[in-house]
Amino acid sequence: PPNLDCAEDEDAAFVTVRGNVRDCSWLRDKLEVDGDVDLVEKQCEGTEASSVCRVTCGTCGEAIATDTGVSDEPATTVAEEQEQEQEQEQEQEQEEDAGANAAEAGSLEEVGSGLDVENDGVEATAATEPPSPTAAPTPSPTDPPSPTAAPTLSPTASPTASPTAAPTGDSRGRPNVLFIPVDDLNNWVGYFLRHTRKGHPQSMTPNLDRLSAMGLSFTNAHASSTICNPSRTAVWSGMRPSTSGCYDNKDYPWKPFVQEGLNLNAHFKNRGYYTAGSGKTHHSSQEGMEGPEKIYTSEWSEYPKVVKKGRAAGGYGPFEGFLSEVIEADKVLDDDDPDYHTVSFCIDRMKEDAEKKRDGKPFFLACGLVKPHLPWVVPQRYYDLYPRDTVQLPPYVTTNQWKEWDEAIMEDLKDVPEYAIQRMANPDKEYTDILRMNETRRWEGAIQNYLATIAYLDMNVGRLLDAFEELPQEIQTNTIIVLWSDHGYHLGEKGHHKKQTLWEECSDVPFIWVVPNVTTPGTICDRPVDLQSIYPTLCNLTGLDVPDHVDGDNIRPLLEDPDAEWDGIATVTMGRMNHAIVDQRYRYIRYEDGSEELYDHDND
């Protein structure tokens, strides 16, 4: 093709595309590329300044064109770009070392977060082992937890956070962050049921409710995307799917869509934080440092591979507990599952902080919990909490006879666009047919097992909170806790099971913040927010700068006053050109084909 001439090989047929682009259709259109040219690499690195797409010849390495045609920039070889990147990394490492050496021992920097940072001279004591987690939860989901679980808070009002970035390596006195991503957890959490019409009346989550009682919980928070990979990529990078181009689990690995160094943990590490993670933080990140294709290892101080024991080590069936019965649940132990060991790792790292083993560096600790993601395999006692013959089906269903349920679903979907039925609800999927089998009671079984897996998650959250409350007060009152789920989950609502829709059951997520001196224990906020708020809000609360590439709203005003005036909305994406926006009252959905849905949550 005329605009892809190679100085070294006139038959060169491969090019590399670099930039924030999801596909290369523009290249074929603008450069008259025919079917003989393959775009074999797609390195979507992007830049802070723009998202220009550069085409590089795969043979000679010359930059040939951008998305506006032939490049106006001097040709840059791949080798030169790599050399420049290495020089930048070396300079950054030198700056970090210089900043760390310049920090005076014991010095504290007052930041605008309002958190208690005056803890020099206080002797830290080692945290003791948390209580045994073997007891299954017993509290009723309707009983509010005691507010005494919250750490002692200073009554002083929090000043406005400083927008000034901390010098690299000088972070003493800044707040710690305990970051808890959860997988596939919908709104079947106690605080939803007590404060909204949402949730499941049988779900028992005493420890999630205990965390809720420690701070502020949102009842109108929404995932940026309703499937794992793009949702997590959006949270960590700060960029919505429509910005990064990461729209689906098929867009995996996620790294081509996010340049190294842009993620939230990288931002904290580059400003002096100890950043450690375990479990599922990014999508499929459980291999930790041993799976460098799944995370940027440079962005973490420590990230071990997860531990699996028992049947978990050999692998469960991917749909076990959903489409099939759980095998030998009475032989499954709490510590078989990787989540148990993820929590243990995070407990150990918090203890290290109490023992002052990191020279005053604050921690950014990510505890990535996989449950209640499939498979729904947990110890037997969690299933025993929800006997199958007592399980309640979705609220609009009054029978377990499939024919009558089918009629109710069709009635519910009659005003839904055909695109939504085929691409979102898709009630004819194979697993829905399996759940129809009344004689197996698989639908009730699926709900029973999902509830049981939530109970197992809740146990691990309790272990984490037990250890946190054993920490010295100066650490508790200087640590921000954020818990969020990557998206919700359908259990038969609108004829759909699992995720990947733009309806409330799939976008609505638990979202809990504990920020000493900012949040008030036990408060609820019903203002519409989405998870893009995490990156800018944590930067504000810790006194760090907010990078230019970050989308989303700083929700600190709502953390301080849940009833504050708020004109923000939540934006949810499921695949390219399929979006929902949610405000205080309405949900508006527009699909790729132009069809629409509008819900009035006051009346519908």
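Details of the structure are given in the entry above.
Note that this is a predicted model, so its numbers are computed, not measured. (Residues numbered from 1 in each chain as written. Predicted model: local features only at pLDDT ≥ 70, side-chain atom pairs only at ≥ 80, totals over all residues. Heavy atoms only, no water.)

## Here we look at the overall build of the protein chain
In terms of helices and strands, the protein chain carries 18 helices and 20 strands. Within the protein chain, the fraction of its 604 residues that count as buried is 57%. Contacts in the protein chain between residues far apart in sequence, at least 24 positions, make up 76% of those at least 6 positions apart. Accessible surface for the protein chain amounts to roughly 24600 Å². Of this, 47% is attributable to carbon and sulfur atoms. (Helix = DSSP H or I, 4+ residues; strand = E, 2+ residues; numbered from the N terminus. Buried < 20%, exposed > 50% of the residue type's maximum accessible area, 1.4 Å probe, protein only. Contact = heavy atoms within 4.5 Å. Areas by Shrake-Rupley, 256 points an atom, 1.4 Å probe, with all protein chains shown as cover.)

## Examining helix H5 (residues 228-237)
Helical geometry: 3.6 residues make up each α-helical turn, so side chains three or four residues apart lie on a common side. For H5, the buried fraction is high: ten of the ten residues fall into the buried class. Listed as buried for H5 are Cys228, Asn229, Pro230, Ser231, Arg232, Thr233, Ala234, Val235, Trp236 and Ser237. Structurally, H5 contributes buried residues whose contacts are with strand E6 (176-182), helix H6 (241-244), helix H7 (264-269), strand E10 (363-368), strand E11 (479-485) and helix H17 (534-542). After H5 finishes, the residue Gly238 shows a positive phi value of roughly 85 degrees.

## Here we look at the nonpolar core
Formed by 64 residues in total, the largest nonpolar core has its most connected members in Met350 and Leu464. The element best represented in this core is helix H14 (residues 442-469), accounting for 16 residues. With residues up to four places along the chain from it excluded, the contact list for Met350 reads Leu178, Phe363, Leu365, Leu464, Ala467, Phe468 and Leu471. Ile295, Trp513, Val529 and Leu544 belong to the second largest nonpolar core, which has 38 residues in total. (Core = buried A, V, L, I, M, F, W, Y, C linked by side-chain atoms within 4.5 Å.)

## With respect to the sheet that holds strand E7 (residues 216-218)
Either a parallel or an antiparallel arrangement is found when strands of a sheet pair, and the pairing is made through backbone hydrogen bonds. Spatially, the seven strands line up as an open sheet ordered E9-E10-E6-E11-E14-E7-E15, and their pairing is mixed. Two strands in the sheet have a free side with no partner beyond their single neighbour: strand E9 (274-279) and strand E15 (523-525). Across the sheet, the axes of successive neighbouring strands diverge by a mean angle of 15 degrees, strand direction being ignored. As paired elements, E7 and E15 share three bridges and run parallel to each other. Directly across from Leu216, in E15, lies its bridge partner Thr523. Of the strands in this sheet, E6, E10 and E11 touch H5, which is tilted by about 170 degrees from E6. (Pairing = 2+ DSSP bridges. Axes fitted to C-alpha atoms, helices over the stretch in contact; angles between N-to-C directions.)

## A few points about the pairing of strand E20 (residues 596-600)
Here five bridges tie strand E19 (residues 586-590) to E20, and the two strands are oriented antiparallel to one another. Looking at the pairing, Ile589 lines up with Glu597 of E20.

## Comments concerning the packing of helix H9 (residues 338-354) against H14
At their nearest, the axes of H9 and H14 sit 10 Å apart, and the two run at 10 degrees to each other. Accordingly, the angle class assigned to the pair H9 and H14 is roughly parallel. Of the residues in H14, those in contact with Asp339, Tyr340, Val343, Ser344, Cys346, Ile347 and Met350 of H9 are Tyr456, Met459, Asn460, Arg463, Leu464, Ala467 and Phe468. (Parallel < 35°, antiparallel > 145°, perpendicular 65-115°, else oblique.)

## Digging into the pattern of salt bridges
Taken as a whole and assessed by the stated rule, the structure comprises 26 salt bridges. Here Lys331 and Glu328 are joined by a salt bridge, their closest N and O atoms 3.3 Å apart. Judged by relative accessible area, which is 40%, Glu328 ranks as partly exposed. With a closest N to O distance of 3.1 Å, Asp526 and Arg527 form a salt bridge. Several salt bridges converge on common partners, so that one network encompasses Asp183, Arg232, Lys280 and Asp486. (Salt bridge = Lys/Arg side-chain N within 4 Å of Asp/Glu carboxyl O.)

## Digging into the pairing of strand E17 (residues 570-573)
The side-chain alternation of E17 yields two buried faces, one formed by Ala570 and Val572 and the other by Thr571 and Thr573. Direction of pairing for E17 relative to strand E18 (residues 579-582): antiparallel, over a ladder of four bridges. Bridging from a neighbouring strand, Thr571 pairs with Ile581 of E18. Counted along the chain from E17 to the antiparallel partner E18, the turn is five residues long, and its residue Gly575 has a positive phi close to 85 degrees.

## Describing the packing of aromatic side chains
Scanning the model with the defined rule gives 20 aromatic pairs in all. Between Phe511 and Trp513, the aromatic rings sit 5.8 Å apart at their centres with planes inclined by 75 degrees, giving edge-to-face as the arrangement. Each member of the pair, Phe511 together with Trp513, is buried. Here a set of aromatic residues connected by ring pairs shows up, and it is made of Phe179, Trp236, Phe268, Tyr273, Trp300, Tyr303, Phe364 and Trp484. Over the ring of Tyr340 we find Arg463; its NZ or CZ atom is 3.6 Å from the centre of that ring. The aromatic ring of Trp503 is capped on one face by Lys494, whose charged end is 5.4 Å from the ring centroid. (Phe/Tyr/Trp six-rings, centres within 6.5 Å; stacked < 30°, edge-to-face > 60°. Lys NZ or Arg CZ within 6 Å of the ring centre and 35° of its normal.)

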